[in-house]
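Reading the structure
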Amino acid sequence: MLKTDNIYFYLILLTLLATVVGAVFIGFLDEFIALLTGLVVMLDAVVNNRWKRYSLLYAMVAIMGFYAVMSMTCYNFNTTKAILYDFVLQMKPLLPLAVFYAARPTLTERQKQIVRITCVSLSVFSSAVLLVGLNDIIFGHVVSTGNAIYTLFLFYLYCAPGPDGTLTRRRLAIALLLVALGVVCTRSKYYGEMGAAIFMLLAYKPGMMRQVKPSHILSLLAVIVVVAVLIYPKLEYYFLQSLTDDISEEEANNMARPALYYGMGMILGDYPIFGSGLASFAVFASSPDVNYSSLYADYHLDKVWGLSESMPDFICDAFYPELAQFGFVGIALFLLLWFWACRRLRIVLRQGDKTRFVAGVLCIAFVLIESTTGSTFTKCYGEAVMMLLGMIIAPTRTMSKEERNDILRHSPNYTNKPSLITSK
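Summarised in this report is the structure supplied together with it.

Side note on the overall build of the protein chain
Per the secondary structure count, the protein chain includes 17 helices and 2 strands. Residue pairs at least 24 apart in sequence account for 77% of intrachain contacts in the protein chain once pairs closer than 6 positions are excluded. Accessible area of the protein chain: about 19500 Å², with a carbon and sulfur share of 65%.

As structure tokens, then:
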């Protein structure tokens with residue numbers, strides 16, 4: 001019998017390290033982690049005869065495999081090499097979600113302590129690197145610094161509850177300090193993510209939506225207003241300003257992202273069912289670094305600064321446009337994935353694990369916010385948060401369908417439950 005819990009623990013530590021050194025120093029580290037994860041799955045399935053537990057992974061591979069075959073046989077937008085490259089890229093965040101959901105690795109209290117210490121140490125190091133002016137060397141961009149700190153905060157939060165499931169005030173304070181460290185990145189998206197974290201940790205109460213009070217509504221509106229004020233300059237710069245005709249040459253050089261969303265709409269109009277296929281649009285595999293996709297010329301996007309073959313730096317500057325590769329069927333599957341995850345998180349909450357429910361909600365919020373103006377989902381940060389999300393919802397896998405439905409059907413009385421935060 002092969003014991004996999006310790007193996008998965010070391011994979012978690014390697015993933016945390018990758019959030020810091022994987023951006024510039026060891027760029028292939030996230031692919032290496034995906035390879036190791038796949039090897040562990042094969043060993044677990046063969047040695048321990050646990051083939052059936054990885055059914056979600058098989059489904060994901062089958063779906064992505066269908067798109068790869070379709071891309072190679074029905075379209076001629078890119079080479080087989082680029083399509084296979086994009087297949088690996090798209091599977092990178094899905095693999096850890098499916099594997100950690102199926103394996104349900106259990107961390108000992110000692111291992112949780114090691115994870116917490118690692119998260120604090122790497123977060124302090126990351127913020128210090130930016131403050132002393134070494135960010136370009138270590139992370140390459142301030143966005144990566146913010147992503148790293150937020151990812152480390154989420155893992156700390158997952159490991160923060162004690163054996164009895166309670167979160168001490170001390171560990172809550174440390175979690176809030178960790179997420180606050182990320183403001184050094186000065187990115188509007190991070191402010192929104194931090195606002196969501198503060199709201200979920202300090203203001204959210206299970207069942208509050210069933211007992212909405214004026215104070216709750218005012219609190220939520222205040223959060224929305226603050227986040228909107230913080231992100232509006234970026235929203236105006238990247239989206240609204242680009243819709244006007246009166247723009248400067250410098251602003252014209254930053255129209256790549258709106259052009260990606262425009263191209264997404266045009267592609268979905270021409271290829272509505274299954275999209276344009278892998279490695280065709282808005283992904284790294286469609287850039288000259290792998291092989292430039294001919295689809296850009298079809299929509300005259302090869303003339304846009306940042307999307308052209310001679311200057312392709314912004315080809316994968318947002319995640320949502322690449323959904324055009326999968327059509328409305330793929331978009332529906334993408335939405336179904338999050339609906340499925342949210343349903344599992346509700347079960348986690350109904351079982352009394354509020355802290356990990358909050359961590360799971362913030363994982364999803366992180367991915368959805370980052371995907372508007374970045375390809376974080378397919379980088380090491382997306383791989384890490386999907387790994388964490390898989391661990392959070394893993395306890396629901398062994399439940400029967402009837403048991404899950406029964407838990408969701410009956411409304412718990414949250415007000416009679418003790419607080420999950422102790423006074424220590």
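Brief notes about the pattern of salt bridges
In this structure the tally under the stated criterion is 8 salt bridges. Note that E109 is salt-bridged to K112, the shortest N-O span being 3.5 Å. With E109 and K112 both in helix α5 (residues 109-131) and 3 residues apart, the pair spans about one turn of that helix. The exposure class of K112 is buried, given its relative accessible area of 11%. Measuring nitrogen to oxygen at the nearest pair gives 3.0 Å for the salt bridge that ties K189 to E370. Here E370 lies in helix α15 (residues 354-370) and K189 lies in helix α9 (residues 188-203), a separation of 181 residues in the sequence. For E370, a relative accessible area of 3% gives the class buried. It is possible to trace a salt-bridge network through shared partners that takes in D30, E31 and K92.

A short note on the packing of helix α1 (residues 5-21) against helix α16 (residues 380-393)
Two numbers describe how α1 lies on α16: the axes approach to 9 Å, and their chain directions differ by 145°. Considering only the axes of α1 and α16, their crossing is left-handed. Across from I12, T15, A18 and T19 in α1, the residues of α16 making contact are C380, Y381, A384, M387 and M391. Split by residue class, the contact of α1 with α16 holds 7 nonpolar, 2 polar and no charged.

A few points about a nonpolar patch on the surface
Taken together, I63, F66, I273, F274, V329, L333, L336 and F339 make up a surface patch of nonpolar side chains, about 700 Å² in accessible area. Looking at the nonpolar patch, the elements that each hand over two or more residues are α3 (55-73) and α14 (327-350). The element best represented in the nonpolar patch is α14, accounting for 4 residues. With respect to the helices and strands, the residue F339 is situated in helix α14. Residue classification places F339 among the exposed residues on the basis of a relative accessible area of 55%.

Here we look at the packing of helix α2 (residues 29-47) against α16
Across the interface, α2 lies against α16 with an axial gap of 9 Å and an inter-helix angle of 35°. Crossing of α2 against α16: the hand is left-handed. Between α2 and α16, the residues in contact are D30, I33 and A34 and C380, E383 and M387, respectively.

Calculation notes
- Residues numbered from 1 in each chain as written.
- Predicted model: local features only at pLDDT ≥ 70, side-chain atom pairs only at ≥ 80, totals over all residues.
- Heavy atoms only, no water.
- Helix = DSSP H or I, 4+ residues; strand = E, 2+ residues; numbered from the N terminus.
- Contact = heavy atoms within 4.5 Å.
- Areas by Shrake-Rupley, 256 points an atom, 1.4 Å probe, with all protein chains shown as cover.
- Salt bridge = Lys/Arg side-chain N within 4 Å of Asp/Glu carboxyl O.
- Buried < 20%, exposed > 50% of the residue type's maximum accessible area, 1.4 Å probe, protein only.
- Axes fitted to C-alpha atoms, helices over the stretch in contact; angles between N-to-C directions.
- Left-handed = near helix turned anticlockwise from the far one by under 90°.
- Nonpolar A, V, L, I, M, F, W, Y, C, P; charged D, E, K, R; others polar.
- Patch = residues over 30% accessible without salt bridge, like charges linked within 9 Å, V, L, I, M, F, W, Y side chains within 5 Å.

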